[in-house]
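Residue-level structural notes
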Amino acid sequence: MLCSVSTSHDLDERFRSALAAWPASTPPNGDPHATVRPDSGLTGTMARELFDAQVTSRHLDLAARRLRADGAGYYTIGSAGHEGNAGVAAALRPTDPALLHYRSGAFYAARAAQLAEGKVDAIRDVLRGVVASAAEPIAGGRHKVFGSTDLNVIPTTSTIASHLPRAVGLAFAVERSRQGLDARGSSGRHAADSGQPVLVPPAWPRDAVVLCSFGDASVNHASAVAAFNTAGWSDFTGLRLPLLFVCEDNGLGISVRSPAGWVGETLRSRPGIRYFHADGCDLADTYAVARSAVSWVRRHRRPAVLHLRTVRLMGHAGADAELAYRTPAEIEHDLTLDPLLRTARLLVDAGQASPMELLSRYDEIGWRVQQTAAQVRDEPKLASAAEVVAPLAPRRPLRVAKTIARAAERAAGAALAERHRVFGGRLPEQTGPQTLAQAVNATLTDLMISHPQAMVFGEDVARKGGVYGVTKGLRDRFGPARVFDTLLDETSILGLGLGAGLGGLLPIPEIQYLAYLHNAEDQLRGEAASMRFFSQGAYRNPMVVRIAGLAYQKGFGGHFHNDHSVAVLRDIPGLVVAVPSRADDAAAMLRTCVAAAEVDGTVSVFLEPIALYHTRDLHTDGDGGWLSPYAAPDRWADTHVPVGRARSHSYGTGDRLTVLTFGNGVRMSLRVAARLAEEGHGCRVVDLRWLAPLPLADIVREAGATGRVLVVDETRRSGGVGEGVLAALVDAGYVGLARRVAAVDTFLPLGPAADHVLVGEDAIERAARALLAA
Ligand SMILES: Cc1ncc(C[n+]2csc(CCOP(=O)(O)OP(=O)(O)O)c2C)c(N)n1
Ligand SMILES: [Mg+2]
């Protein structure tokens, strides 16, 4: 008798001996066009094909464990027990975009089988992922993911539930493209006809359904709860979302049991999400219910969840000692529900196949998997750091500059009348110098004109026009389809951007305050910034996230509205972090971020210093020194600011001291520099403008020009920007003098006490004088 430990050998043996023991009944005589069970819709032919997909997935799991044991494989989380998800694939079209759970291997195999033979070799794809082969077609050996552009499977990360908010955004984008809306609700063709640039979205049909699968423990994750809530909330407001969630419920999250009944209860009770339930171990039931769910979503364009009861065979992953937390009886019980055996039974009982036939099919597929494993196991891996990072965040600055130049030509030519109309006859370049807030507003307006696929959304951005008025008037100018208030959830705001970007739109979401980015930060780090990395650029989520932040707000404060922590952004690989300090820079840099999104799929954070939004003066009251004129389109090319280029302001001779700073530090440093220049100490104040990537060449050149460097860093001393700037100087071999002023390592207090911990002009001046005296 076999013991109740679901090892790969055990599982394989059980399948073989079970089928071998089934009586060789009368030869199969079922009509392959007939359904294997009444009302299931699953014909004999389909059931056989899906059996193949299930067996393929099973053998891939077994092979992954063998490869691991041989030291040639690096990933053993498998799909065994979840193979019913092949029935979900069968209910969908291969053109329906899918974001898959890591146990959706049979779904992947079934979808591959829906394409012309030879187009996608699911076995080779998956095994290449397991051995981290550089030839793996989607992630190129960077991770074992399910992903394929041919199959419209978008790779997901290993962070539980983090793909769900993106799925909501993708459903939004699919529906938006179906409705073909641009700014004024007219057909999307308008944009193409006017010769304006249109991002080419992946070719998802207009009636596509977005599929998003995940495990049962994942339903409790904040990201999942956010996505369910946002899908339901959207439905409640009448927004259509063609989205099918699939919960593959094996009752466990590694070793932790989902309380009996909880998953069904919680999924059933989601307002705005229709609930379907199927036995995921039973292919006919899964297919029948999945078909109903898919056709309901496709017809109504509304969200639904399919709750699939599955089992987990062979533990959580290869190294999981399941017996430490499950009884042999429990494990044994799950083994009796093995979906492969159930499908085999279905086929045999329906007279579609004999046990021996199925066994030889099982062996045939197993043989192919083994052969392929032998072929790919020693394939080259990524061979250098350069290869690893190649797809992360490609930058084509020339193309970005050209894109801006083209947009400028259109704005000054073909789109001039539209600019007049949208700006109400008062073009911003004709209305005098602007504040930073006004410049962002005017630039967003111009960008919305030049990019019909652009959308501005976030908390309070539409009707109110933003807490600080930065987006005022945009909704009236472009309508609620393109400028809209979201619900209050930063994870969902970013998720909407992620899916919208993936779906060919150009999202410009706003996060109301930097402090409130942090609870949603994984959507930027784990999802947005990694998409190119895990798909070698096959998928991208261009996005410009505007965030109001940094400190020094007068009369309104405390930590939450004066957060100045950017460390969490600066270490996200590939993310661009822009911090404009002046109006003219804000306009040029925002155009750059949008162009980089368009050209390279770049994800940028555009961090706007709140305290400078409405600042007008620099040195004396009324001098208007912090205002700048808005550049007319014919000057956009000349005033273009490439990513990673700083700006230097010189006072006096500018040869005694270099101040390296950004944001609020620029204005304070300029005021100090003016005082020092009057005493004959010529200073240059360098506005870094980009905190990631840092303007290394400019930093090194400007530091070397004086040999005295003062880093004025308004962020915290530990983990602050100053650390990076000083490290860059050391790396570059800078040998001059250097000092740093930075904020105290604390959260900011409310009221005037904040001045004790923030960098002030006095501290800057003291440090500058100390350097000048050295
Ligand atoms: C955010 C996050 N926290 C923890 C983990 C570690 N982890 C990986 S799988 C898993 C259990 C997931 O259970 P479930 O959602 O039921 O999926 P299953 O593996 O059972 O199919 C955990 C905790 C993770 N990947 N992501
Ligand atoms: Mg589970």
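Placed above this text is the structure.
Here's what I pulled together on the structure shown here. The shown structure was predicted, so the numbers you read here are calculated from the model rather than taken from an experiment.

In this section: the coordination of the magnesium ion (ligand 2). Tetrahedral coordination by four donors places them ideally at 109.5 degrees to one another around the metal; octahedral coordination by six donors ideally gives 90 or 180 degrees. Bound to the magnesium ion (ligand 2) on the protein side are Asp216 (OD), Asn250 (OD1) and Leu252 (O), at distances that span 2.0 to 2.1 Å. Counting the intervening residues between successive donors of the magnesium ion (ligand 2) yields the motif D-x33-N-x1-L. Comparing asparagine 250 with leucine 252, the two get one shared label, buried.

All chains considered together, the criterion is met by twelve aromatic pairs. Here phenylalanine 214 and phenylalanine 228 contribute two aromatic rings whose centre-to-centre distance is 5.8 Å and whose plane-to-plane angle is 55°, an arrangement assigned as tilted. In this pair, phenylalanine 214 sits in strand S3 (residues 210-215) while phenylalanine 228 sits in helix H8 (residues 222-236), placing the two residues 14 residues apart along the sequence. Assessed through its relative accessible area of 2%, phenylalanine 228 is described here as buried. Plain terms: the ring middles of phenylalanine 533 and phenylalanine 534 are 5.1 Å apart, the flat faces sit at 75° to each other, and that makes the pair edge-to-face. The residues phenylalanine 533 and phenylalanine 534 share a single accessibility class, namely buried. Lying over the aromatic face of tryptophan 22, arginine 345 brings its terminal NZ or CZ to 4.2 Å of the ring centre. Between the NZ or CZ atom of arginine 582 and the centre of the ring of tryptophan 626, over which it lies, the distance is 4.9 Å.

Tracing the chain through its elements places aspartate 446 in helix H17 (residues 436-450). Apart from residues lying up to four places away in sequence, aspartate 446 is in contact with Arg419, Phe423, Tyr630 and Trp636.

With that settled, the discussion passes to the sheet that holds strand S1 (residues 98-99). With parallel pairing, the six strands of this open sheet are ordered in space as S2-S1-S3-S4-S8-S7. Each of the sheet's edge strands pairs with one partner strand only, and the pair in question is strand S2 (153-154) and strand S7 (274-279). Judged from the two bridges that link them, S1 and S3 form a sheet pairing that is parallel. Within the sheet, the bridge partner assigned to alanine 98 lies in S3 and is leucine 211. Running over the sheet, helix H6 (residues 164-179) touches S1, S2, S3 and strand S4 (243-249) and is turned about 170° from S3.

Next up on the list: the site of ligand 1. The full set close to ligand 1 counts 17 residues, and His101, Tyr102, Ser158, Ser218 and Leu252 are the nearest of them. Arginine 103 places a side-chain nitrogen or oxygen 2.8 Å from an oxygen atom of ligand 1. About the coverage of ligand 1: the protein hides 73% of its 580 Å² of free accessible area. Classifying every residue of the shell around ligand 1 by side-chain character gives five nonpolar, ten polar and two charged.

Reading the values: the criteria
- Residues numbered from 1 in each chain as written.
- Chains lettered and ligands numbered in written order.
- Predicted model: local features only at pLDDT ≥ 70, side-chain atom pairs only at ≥ 80, totals over all residues.
- Heavy atoms only, no water.
- Donors = N, O, S within 2.8 Å, 3.2 Å for Na, K, Ca; no water.
- Buried < 20%, exposed > 50% of the residue type's maximum accessible area, 1.4 Å probe, protein only.
- Phe/Tyr/Trp six-rings, centres within 6.5 Å; stacked < 30°, edge-to-face > 60°.
- Helix = DSSP H or I, 4+ residues; strand = E, 2+ residues; numbered from the N terminus.
- Lys NZ or Arg CZ within 6 Å of the ring centre and 35° of its normal.
- Contact = heavy atoms within 4.5 Å.
- Pairing = 2+ DSSP bridges.
- Axes fitted to C-alpha atoms, helices over the stretch in contact; angles between N-to-C directions.
- Near = heavy atom within 4 Å.
- Polar contact = N/O pair within 3.5 Å; in protein donor to acceptor, adjacent residues only side chain to side chain.
- Areas by Shrake-Rupley, 256 points an atom, 1.4 Å probe, with all protein chains shown as cover.
- Nonpolar A, V, L, I, M, F, W, Y, C, P; charged D, E, K, R; others polar.

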